[in-house]
Amino acid sequence: MAGSYTKKEFGVGPEEQTLLKDSNGTRIVPAKDCISTSYDTFKIHVQTGTEPVRLSPGWEGTGRPDDELNFKGVTMDQADLELNPAKDRLNIVFCIMVLHGIGMLMPWNMFITAKHYFVNYKLSKEYTGMKTDYATNFLPYLEFAAQTPNLLFNWLNVFIQLGGNLTTRIVWGIFIQVLIFVCTVILAMTNSSGWPGVFFWITILSVIILNIANGIYQNSVFGMVAKLPGRYTGAVILGTNISGTFTAIINFLAQYMAPNTRTAAIYYFITALFVLLACFDTYFALPINRFYRYSELLYQKGVNKRQLENNARGNTDRPPYWKIFKQCFPQCFNTFFVFFVTLSLFPAVQSDIRRSDPNFIVPLDYYVNVMCFLTFNITALIGSSLAPLIQWPSEKYLMIPVVLRVLYIPLFLLCNYQPSSDIERVLPVYINNDWVYFVIAVTMGLSSGYFSSLSMMYGPRMVDSQYTATAGMFGAASLITGICAGILFSMIMPSLVQNLSFGLA
């Protein structure tokens, strides 16, 4: 209660409330005949008749919760972060998220890029002394073994938080992947020429376990980064696009520097160990960073506020998954469709497009490496780098260019796509200019990196703040679903050029 106060001597009756005591031993109590109804203005009258002093509202007048007013659960660090908002100095957190993006796709890229090691060395007739179907069917088995558990556990991890909180899932996910790569290095050192079948199935089992752990790790990283500003989700996507280029460069350097295939494979897989260990270390370094703690504090305050509101309304703590999915569905679809179109063409179709001009600037021996792998990975990297800087179109209209990307499928099929010498192409080759094909490949890679980053950044914005982690997990599951669907659809591309002419012949 605000009011006017007069200075009285000690010994006044107990019904008067003591508020202040001055230096002369007197106290200030509320005057009975001068009560004000104003909350934000106090008048202190002294016997000398000086001007009243105006006081600011009390701390309890800010409307904060009782626990916060009593400083319950508030540490000095949190108070300091509140008073001095932190910034991502030197973009350290951004770089850590890029590193986790590299680590997320490292297992997939490592095994796919090591085709020469598995097919032409470990499972080859020259090494084993026998002709088997293991080398012929290695890549189809590998893709199925890698993506099926990844898809399954990404979706399960949205609804059932396997292994506990984010920290537990990320730590165990990385640890299991490290163990699998250690086993892979040991297998590379071991002479398996007498048991190619056992080696094949151990490798497939390793890939299954690896991608189960990686699926949980991927999903948890997107849940973690959803607590940060949108550009950090773009940093993870940027890392996933760097991963392919990084893996291809490491594979080339290992083959160039090593004296034989066996040694090259050992160097190659040990590199994956270093990357995963770096992801492990940097994750535990994040709580040391002021900006990361500040972002988590803001996120947690939003969650606590929502929980108080839900408790007041009698709601449960379980996230409303269907509501969250409906809100972020447009961006989940965008993420799915971007990767569906991309994986339908890269690398299955793009790696089988042959050079049309014998005098083209890129030599025949390097044509696929340059025009397919190098071109796509570099352009996707550039596209992801642009997303945090330029965010256009908005969430509402992003679906339009994403859906239009489906036109890349017939465009690539109309290029000089020759899937196999056993397949007779019926569909005419209408794009037989290598430069035109190069422009198409560049725009496909740029749009893949850019639109995938935008959709993953937009997803958590579509839901309430306390559900951003769940929305991030939905986005990660949509990403893996798009990859799996694209890989499956790419298997029918040879049949399309063999049996369809689209009326153009």
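Residues numbered from 1 in each chain as written. Predicted model: local features only at pLDDT ≥ 70, side-chain atom pairs only at ≥ 80, totals over all residues. Heavy atoms only, no water.

Enquirer: Would you mind showing me how to read the overall build of the protein chain here?
Expert: The number of helices and strands found in the protein chain is 18 helices and 4 strands. Here the protein chain holds 505 residues, and the buried ones make up 48% of them. Once local pairs closer than 6 in sequence are excluded, the contacts in the protein chain between residues at least 24 apart make up 80%. Of the roughly 25300 Å² of accessible surface on the protein chain, a fraction of 63% belongs to carbon and sulfur atoms. (Helix = DSSP H or I, 4+ residues; strand = E, 2+ residues; numbered from the N terminus. Buried < 20%, exposed > 50% of the residue type's maximum accessible area, 1.4 Å probe, protein only. Contact = heavy atoms within 4.5 Å. Areas by Shrake-Rupley, 256 points an atom, 1.4 Å probe, with all protein chains shown as cover.)

Enquirer: How should I be thinking about the environment of Phe-376 in this particular structure?
Expert: With respect to the element layout, Phe-376 can be found in helix α13 (residues 367-386). Judged by relative accessible area, which is 7%, Phe-376 ranks as buried. The sequence separation of Phe-376 and Gln-350 amounts to 26 residues, and the corresponding C-alpha distance is 9.4 Å. If we skip the residues at most four places from it in the chain, Phe-376 touches Thr-342, Phe-346, Gln-350, Met-444, Gly-445 and Ser-448.

Enquirer: Looking at this structure, how should I read the pattern of salt bridges?
Expert: Working definition: two side chains of opposite charge can pair if their charged atoms are close together. Under the definition given, this model contains 2 salt bridges. The partner of Asp-352 in a salt bridge is Arg-354, with the nearest N and O atoms 3.5 Å apart. Of the residues examined, Asp-352 reaches a relative accessible area of 18% and is grouped as buried. Relative accessible area serves as the criterion here: at 34%, Arg-354 is assigned to the partly exposed category. (Salt bridge = Lys/Arg side-chain N within 4 Å of Asp/Glu carboxyl O.)

Enquirer: Help me understand the nonpolar core, please; the structure alone is not making it clear to me.
Expert: General note: in soluble globular proteins, nonpolar side chains tend to be found buried as a group. In terms of nonpolar packing, the biggest core is built from 86 residues, with Met-97, Tyr-117, Phe-181, Phe-222, Met-224 and Phe-269 touching the most fellow members. Apart from residues no more than four positions distant in its own chain, Phe-222 is found in contact with Met-104, Thr-233, Val-236, Ile-237, Met-456, Gly-472, Ala-476 and Leu-479. The next biggest cluster of nonpolar side chains, apart from the first, holds 39 residues, and it includes Phe-340, Tyr-367, Phe-376 and Ile-440. (Core = buried A, V, L, I, M, F, W, Y, C linked by side-chain atoms within 4.5 Å.)

Enquirer: Would you take a moment to explain the confidence of the model for the protein chain for this structure?
Expert: As a general rule, the predicted coordinates of low-pLDDT regions are not to be interpreted in detail. Averaged over every residue, the pLDDT of the protein chain is 79; residues scoring 70 or more account for 78%. Taken as a whole, residues 25-51 scores under 50 in pLDDT and shows 80 contacts with residues more than four places along the chain or in a different chain. Note that pLDDT drops below 50 for residues 53-62; the model gives that stretch 17 contacts with residues more than four away or on any other chain. (pLDDT = per-residue confidence, 0-100.)

Enquirer: Honestly, empty space enclosed by the protein in this entry has me stumped. Any pointers?
Expert: The gaps of empty space that remain are located by a probe, the size of a water molecule, rolled over the atoms. All chains considered together, the criterion is met by 4 cavities of 30 Å³ or more. In this structure, the largest cavity is lined by Thr-113, Ala-114, His-116, Tyr-117, Asn-251, Gln-255, Thr-261, Ala-264, Ala-265 and Tyr-268. For the lining of the largest cavity, the secondary structure elements donating two or more residues are α4 (115-122), α9 (230-257) and α10 (261-285). Element by element, the count of residues in the lining of the largest cavity is highest for α10, at 4 residues. Of the residues belonging to the lining of the largest cavity, the class tally is 5 nonpolar, 5 polar and no charged. For the second largest cavity, the calculated volume is near 50 Å³. Contributing to the lining of the second largest cavity are Cys-328, Gln-331, Cys-332, Thr-335, Ser-455, Met-456, Gly-459, Pro-460, Ala-471, Gly-472 and Gly-475. Every element with two or more residues in the lining of the second largest cavity is listed here: α12 (321-345), α16 (434-458) and α17 (468-490). Looking at which element gives the most residues to the lining of the second largest cavity, the answer is α12, with 4 residues. Class assignment of the residues belonging to the lining of the second largest cavity gives a composition of 5 nonpolar, 6 polar and no charged. (1 Å grid on protein atoms, 1.4 Å probe; cavity = no way out; pocket = protein on both sides within 12 Å on 5 of 7 lines; lining within 4 Å. Points joined across faces, edges and corners; volume = space filled by probe spheres on them. Nonpolar A, V, L, I, M, F, W, Y, C, P; charged D, E, K, R; others polar.)

Enquirer: Honestly, the packing of α12 against α17 in this entry has me stumped. Any pointers?
Expert: Any two packed helices are characterised by how steeply their axes cross, that is the angle between the axes, and by the distance between the axes. Running from N to C, α12 and α17 point in directions that differ by 35°, and their axes come no closer than 7 Å. At the point where α12 passes α17, the crossing takes the right-handed sense. Looking at the contact of α12 with α17 residue by residue, the class counts come to 16 nonpolar, 9 polar and no charged. (Axes fitted to C-alpha atoms, helices over the stretch in contact; angles between N-to-C directions. Left-handed = near helix turned anticlockwise from the far one by under 90°.)

Enquirer: I keep staring at α13 and nothing clicks. Help me out?
Expert: For an α-helix the count is 3.6 residues per turn, leaving residues at separations of three or four pointing the same way. Compared with an ideal rise of 1.5 Å per residue, which puts 20 residues at 28 Å, α13 spans 27 Å between its outermost C-alpha atoms and is within 8% of the ideal. Regarding α13, the residues found buried are Tyr-367, Met-371, Cys-372, Thr-375, Phe-376, Asn-377, Thr-379, Ala-380, Gly-383 and Ser-384. Residues of α13 that are buried sit in contact with α9, α12 and α16. (Expected span 1.5 Å × (residues − 1).)

Enquirer: Help me out: how do you make sense of the packing of aromatic side chains in this one?
Expert: For any pair of aromatic rings, the description rests on two quantities: the centre-to-centre distance and the angle between the ring planes. What the rule picks out here adds up to 35 aromatic pairs. Ring centres 5.8 Å apart and planes at 45° place the aromatic pair Phe-111 and Phe-269 in the tilted group. Highlighted residues: Phe-111 in helix α3 (residues 92-113) and Phe-269 in helix α10, separated in sequence by 158 residues. Both residues of the pair, Phe-111 and Phe-269, belong to the buried class. Residues Tyr-283 and Phe-284 carry aromatic rings whose centres are separated by 5.7 Å and whose planes lie at 75° to one another, so their mutual orientation is edge-to-face. What makes Tyr-283 buried here is its relative accessible area of 8%. Put simply, the rings of Trp-155, Phe-159, Tyr-321, Trp-322, Phe-325, Phe-329, Phe-333, Phe-336, Phe-337, Phe-340, Phe-474 and Phe-489 touch in pairs and so form one group of aromatic residues. Directly above the aromatic system of Phe-199 lies the positively charged group of Lys-122, at a separation of 5.2 Å from the ring centroid. Above the plane of the ring of Tyr-232 lies Arg-231, whose end atom (NZ or CZ) is 4.8 Å from the centre. (Phe/Tyr/Trp six-rings, centres within 6.5 Å; stacked < 30°, edge-to-face > 60°. Lys NZ or Arg CZ within 6 Å of the ring centre and 35° of its normal.)

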